[in-house]
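Structural characterization, general
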Amino acid sequence: MEEKFDVLAVGAGYAGAVAARALADQGKRVLVLERRDHIGGNAYDRPDQAGVLIHQYGPHIFHTNDKQVFDWLSRFTRWRDYQHRVVANIPDGRGGRITYPVPFNLTSLETAFGPEEGRRLGDKLTAAYGAEKKVTILELRQNQDPSIAALADYVYEHVFVHYTMKQWGQRPEDIDPNTTARVPVFLSRDDRYFQDTYQGMPLEGYTPMFERMLDHPSITVELGTDALGRLDLSGNTLKVDGAPFDGQVIYTGQADELFGFRFGPLPYRTLDFAFETLEQDDFQGYGTVNYTVDEDFTRITEFKHLTGQAAPGVTTIVKEYSKAYTGERGEIPYYAIINPENNALYAKYRAEADRFSNLHLLGRLAEYKYYNMDAIAGKALELAEKL
Ligand code: FAD
Ligand code: UDP
């Protein structure tokens, strides 16, 4: 490195950018290397050709119970108050379609089973688990009561099994239980997707928030730069640009790639995004509609509902198609496939990284975890505090 830096952050997503700013605020000089031609990582947003603000890597809704994270990010953005609501769109068995809230709740129950039977089942569930309780589908399926068991089978079939097969290529009982637990059965009339205290969308978008975060005299950002060509981990001392580096390195890319895949590739799921711009004000009335029974895509998101953008006569939607990540050029590893075997493989890479006291793996890829944005921001602040 020509200039002297105290910290090298690899990646300008939540992990890299939050850590970079927190460290710069402490007086450290930080170099951020980002392989893509933009900041923000997978939270990056931009106007499309029709001028509609889209999320290039899939819909991102900010939600957290962590006041510290919310307050910290609020230094760089104001928020649009947005409560995410999702419905499942399924065939009604008579040639039409019905929709009801996801997470499946007391309202969904009445839509699926009719008001009377729905209420009776709702009362029964509430008596069994408690009002306003969240029950995972796997827990609900353990219930021995015949009418609750039948209901659990219904929800499994109409909300979980096909969607999960599309998303993961595996059934709900074969994936990490924490994944389906993200979307429980909710014994409530609250039809929001998330119940966190702080929810919303950055008022002008995620990218402007990241621009302000990285706008600091002690932060240098190089876009279109792959850090792998500049990092050398072959010896006992970490080198940057060929010279021993005694500063801190925060790496937020794939752990397997950092070590040349020497123990084999870590498995991921990737997504194909099909964007469509339509000449109408409103396509689906909701931010996101999940197709939980049929179709090849998992869900459709209509960005205007998320962002609140007024764009008369035009709207952009995106369909998400999930598939196994093969590592081909251009493919992006979006979801770690968390299971004991893959965690054990990850642990080998982690042990390699731990050989260097100044190398820190941080983020959804580097830690091989299913993190939301707020969790990464929290971890980045924690690490910066420690360094
Ligand atoms: P990333 O955003 O992936 O950033 C890593 C960055 O490092 C990338 O920009 C990459 O290009 C760069 N990089 C990697 N290797 C190198 C290298 N060798 N050299 C230089 N740069 C490199 N979370 C929520 O809270 N709410 C949501 O609604 C939500 N929706 C999501 C929807 C989808 C479809 C997906 C996939 C994720 C969603 N998330 C959501 C999760 C969210 O995207 C992540 O928590 C967050 O983006 C993780 O940030 P990160 O910095 O760890 O990783
Ligand atoms: N899920 C499902 N049906 C739904 C919504 C979610 O089966 O309608 C399951 C599915 O396995 C999914 C997981 O719950 O991968 C987590 O869903 P979430 O919406 O949190 O996924 P993300 O937005 O992170 O892709």
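As a convention, each chain's residues are numbered from 1 in the sequence order in which they are written. Chains and ligands are labelled sequentially in the order written, the chains with letters from A and the ligands with numbers from 1. For this predicted model, a pLDDT threshold of at least 70 governs which residues receive local features, and a threshold of 80 or more governs which side-chain atom pairs are given and counted, while totals over whole chains, interfaces and linings are taken from all residues. The side-chain quantities take in all heavy atoms of the structure and omit both hydrogens and water.

Under an unreviewed UniProt entry, the chain has the name UDP-galactopyranose mutase and belongs to Flintibacter hominis. UniProt positions are given in the numbering used here, feature names are shortened, and annotations may be inferred rather than shown by experiment. In its Sequence similarities (unreviewed entry) section, the UniProt entry covering the chain states "Belongs to the UDP-galactopyranose/dTDP-fucopyranose mutase family." UniProt lists a comment for the chain under the heading Cofactor (unreviewed entry), and it reads "FAD".

1. Some words on the packing of helix α4 (residues 115–129) against helix α6 (residues 146–168)
Where α4 meets α6, the axes come as close as 10 Å, and the angle between the chain directions of the two elements is 105°. On the basis of the axis angle, α4 is roughly perpendicular to α6. Contacts from Arg120, Leu121, Lys124, Leu125 and Ala128 of α4 reach α6 at Ser147, Ile148 and Leu151. Its residues assigned to classes, the contact of α4 with α6 shows five nonpolar, one polar and two charged. Axis geometry follows a simple rule: fit a line to the C-alpha atoms, using only the stretch in contact for helices, then measure angles between N-to-C directions, giving values from 0 to 180 degrees. Only DSSP runs of H or I reaching four residues or more are called helices, and only runs of E reaching two or more are called strands; each is numbered from the N terminus. Angles are sorted into four bins: roughly parallel if under 35 degrees, roughly antiparallel if over 145, roughly perpendicular if 65 to 115, and oblique for all others. Pairs of residues are marked as contacts when any of their non-hydrogen atoms sit within 4.5 Å. As a working rule, the residues Ala, Val, Leu, Ile, Met, Phe, Trp, Tyr, Cys and Pro are called nonpolar, Asp, Glu, Lys and Arg charged, and the rest polar, with Gly in that last group.

2. What to know about the site of ligand 2
Around ligand 2 lies a shell of 17 residues, among which Trp168, Arg182, Tyr193, Tyr335 and Tyr370 are the nearest. A distance of 2.9 Å separates an oxygen atom of ligand 2 from a polar atom in the side chain of Thr164. In this structure, Arg299 approaches ligand 2 through a side-chain N or O atom, which is 2.9 Å from an oxygen atom. About the coverage of ligand 2: the protein hides 94% of its 520 Å² of free accessible area. At the level of elements, α6 and α7 (177–180) are the ones that each hand at least two residues to the shell around ligand 2. When the residues that make up the shell around ligand 2 are grouped by side-chain class, the tally is nine nonpolar, six polar and two charged. Whether a residue is near a molecule or strand depends on its heavy atoms: if one lies within 4 Å, it is near. Here a polar contact is recorded for every N or O atom pair within 3.5 Å, except that within protein the pair must consist of a potential hydrogen donor and a potential acceptor, and residues adjacent in sequence are included only if both atoms are side-chain atoms. Here, Shrake-Rupley sampling with a 1.4 Å probe gives the accessible areas, and only protein chains in the shown set may cover a residue.

3. Some thoughts on the pattern of salt bridges
Salt bridge, as applied in this entry: a Lys or Arg side-chain nitrogen positioned within 4 Å of an Asp or Glu carboxyl oxygen. By the definition in use, this model includes 26 salt bridges. In this structure, the salt-bridge partner of Glu222 is Arg230, at a minimum N-O distance of 3.0 Å. Note on classification: 1.4 Å probe, protein chains only; a residue is buried when its accessible area is under 20% of the maximum for its type, exposed when over 50%, partly exposed between these limits. A relative accessible area of 28% places Glu222 in the partly exposed class. What you see here is one network of salt bridges that share partners, running through Arg21, Asp25 and Arg75.

4. Looking at the packing of aromatic side chains
Given two aromatic rings, one states the distance between the centres and the angle between the planes to describe the pair. For Phe, Tyr and Trp, where Trp contributes only its six-membered ring, two rings pair if their centres lie within 6.5 Å, and the inter-plane angle classes them as stacked under 30 degrees, edge-to-face over 60, or tilted in between. Applying the stated criterion to the full structure yields 22 aromatic pairs. The interplanar angle of 75° and the centroid separation of 5.1 Å between the aromatic rings of Tyr291 and Phe297 together place this pair among those described as edge-to-face. An identical accessibility class is assigned to Tyr291 and Phe297; each is buried. A network of ring pairs unites the aromatic residues Phe62, Phe70, Trp79 and Tyr198 as a single cluster. In this analysis the charged atom, NZ for Lys or CZ for Arg, is taken to sit over a ring once it is within 6 Å of the ring centre and within 35 degrees of the ring normal. Positioned above the aromatic ring of Tyr57, the side-chain terminus of Arg36 is 4.3 Å from the ring centre. Sitting over the face of the ring of Tyr156, Arg141 holds its NZ or CZ atom 3.6 Å from the ring centroid.

5. Observations concerning the sheet that holds strand β15 (residues 243–244)
Hydrogen bonds between backbone groups are what pair the strands of a sheet, and the pairing can be parallel or antiparallel. Strand order in the open sheet formed by three strands is β13-β14-β15, with antiparallel pairing between adjacent strands. Each of the sheet's edge strands pairs with one partner strand only, and the pair in question is β13 (231–232) and β15. Where strand β14 (residues 239–240) meets β15, two bridges bridge the pair, whose relative direction is antiparallel. Residue Val240 lies in a different strand from β15, and its bridge partner there is Ala243. In this analysis, strands are considered paired if DSSP registers two or more bridges between them.

6. Things to note about the site of ligand 1
In the vicinity of ligand 1, 31 residues are found, and the nearest of them are Glu34, His60, Ile61, Tyr371 and Met373. One nitrogen or oxygen atom from the main chain of Pro59 is found 2.9 Å from a nitrogen atom belonging to ligand 1. Residue Arg364 places a main-chain N or O atom 2.9 Å away from an oxygen atom belonging to ligand 1. Within the complex, the protein chains bury 96% of what would otherwise be the 1,000 Å² of accessible surface of ligand 1. Grouping the amino acids of the shell around ligand 1 by side-chain chemistry returns 16 nonpolar, ten polar and five charged.

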